[in-house]
Amino acid sequence: LIGVYTNRHGERWELQLKGSGRTPYSRNGDGRAVLRSSVREFLCSEAMHYLGIPTSRAASLVVSDDDVWRDQFYNGNIKKERGAIVLRLAKSWFRIGSLEILTHSGELDLLRRLLDFIIQEHFPSIAMSDPNRYLEFFSTVVSETANLIALWMSVGFAHGVCNTDNFSLLSITIDYGPFGFIDSYDPNFVPNTSDDERRYKIGNQASVGLFNLSKLLQALKPLLDPRQKQLASQILEGYGEHYYSRFTELFKTKLGLLGENENDNFLIAFLLKVSLLC
């Protein structure tokens, strides 16, 4: 993260470099990015924006003179590639993992301070004086995450690595890595060649979203009283209904279906199956 920019419309954007080198969070990686993946992120994030799907944006791409060594297909065939750096923007880069790590390490005071900052900056409908603000925050993230994944499915987008570090607290699409789009419906489609267990196949995205939200709830529990914990669990149980309602709405729009009909879901499922057989 290199700074925060407020444009002439009063919109606040956090500026981040991808591929500029090691940071304190690089672990054993080199912090670099190759031109191939950088171009993909630039193009896809802009495409997703114009498809109407909440996403980070790409502002610029700079090619580096540095050589970067990568095993593109994770098969032991390491090759030298041209490096690149993407300047990307988002309203916030905080992820579920940003809260999860604080709870795991017992830094509860910092967890509360960070969560209050996120709510104050990015959730203006939630009053900071509201004793249920963390519950309201969780409810919003649950419904917006369901909406985001339904949007992904409506355009056949597979993220590829749907862990808690890649799930935005603002429910936008971030961290384009081994993503892909399906040409015809295939619930087993996996864009990530290293995902041998098919954990993040496109047909699992909704379920993985629920798993990640359950991890968010675990991270928030130290800040909730017993009543709020019970209500939060009920909110999480409503995730599936949020998702399927939005999924159905989007696919009915694609098919031009008007009104309500008990056979709508059957028709959607039937047409997806036909696509799979084709």
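Counting of residues starts from 1 at the beginning of each chain's written sequence and follows it residue by residue. Local features in a predicted model are, by the rule used here, given only for residues with pLDDT of at least 70; side-chain atom pairs are given and counted only at 80 or more, and totals for whole chains, interfaces and linings are based on all residues. Hydrogens are left out, water is left out, and the side-chain values use all remaining heavy atoms of the structure.

**Description of the domain arrangement of the protein chain**
The domain boundaries here were taken from an automatic or database domain assignment. By the assigned domains, the protein chain splits into domain 1 (3-90) and domain 2 (96-254). On a C-alpha basis, the centroid separation for the pair domain 1 and domain 2 is 22 Å. Taken residue by residue, the interface counts 19 residues in domain 1 and 21 residues in domain 2. Both sides of the domain 1 and domain 2 interface together cover about 1500 Å² of buried area, and 62% of this is carbon and sulfur. Within this document, salt bridges are pairs made up of a side-chain nitrogen of Lys or Arg and a carboxyl oxygen of Asp or Glu, the two lying within 4 Å of each other. Put simply, domain 1 and domain 2 have 2 salt bridges between them. In what follows, a contact means two residues having at least one pair of non-hydrogen atoms within 4.5 Å. What gets called buried area is simply the loss in accessible area from a 1.4 Å probe that two parts show on being joined, summed for both.

**Observations concerning the pattern of salt bridges**
Under the criterion given, the structure shown has 17 salt bridges. For Asp 30, the salt bridge is made with Arg 70, and the minimal N-O distance between the two is 2.9 Å. Placement of the pair is Asp 30 in the loop between strand E2 (12-18) and helix H1 (35-50) and Arg 70 in strand E3 (residues 57-70), with a sequence separation of 40 residues. Given the relative accessible area of 33%, Asp 30 is considered partly exposed. Through salt bridges with shared partners, a single network forms among Lys 18, Glu 41, Arg 88, Arg 95 and Asp 175. Helical segments are the DSSP runs of H or I of at least four residues, strand segments are the runs of E of at least two, and each set is numbered from the N terminus. Throughout, exposure labels follow a simple rule: accessible area from a 1.4 Å probe, protein chains only, divided by the maximum for the residue type, with under 20% read as buried, over 50% as exposed, and the rest as partly exposed.

**Concerning the packing of aromatic side chains**
Centre distance within 6.5 Å is the pairing criterion for rings of Phe, Tyr and Trp, where only the six-membered ring of Trp is used; planes under 30 degrees apart are then read as stacked, over 60 as edge-to-face, and the remainder as tilted. This structure, assessed with the given rule, holds 13 aromatic pairs. Consider the rings of Phe 123 and Phe 137, whose centres lie 5.1 Å apart with planes at 75°: the pair is edge-to-face. A residue pair is termed long-range when its members are at least 10 positions apart, and Phe 123 in the loop between helix H3 (108-122) and helix H4 (133-154) and Phe 137 in helix H4 qualify at 14 residues. Taking the centre distance of 6.1 Å and the plane angle of 65° together, the rings of Phe 157 and Tyr 176 count as edge-to-face. Taken as a pair, Phe 157 in strand E5 (residues 157-158) and Tyr 176 in the loop between E5 and strand E6 (180-181) lie far apart in primary sequence, 19 residues in all. Neither residue differs from the other here; Phe 157 and Tyr 176 are each classed as buried. Within the aromatic cluster, the residues linked to one another by ring pairs are Trp 152, Phe 157, Phe 167, Tyr 176, Phe 179 and Phe 181. A ring is considered to have a charge above it if a Lys NZ or an Arg CZ atom is located within 6 Å of its centre and within 35 degrees of its normal. The side chain of Lys 91 reaches across the aromatic face of Trp 13, ending 4.9 Å from its centre.

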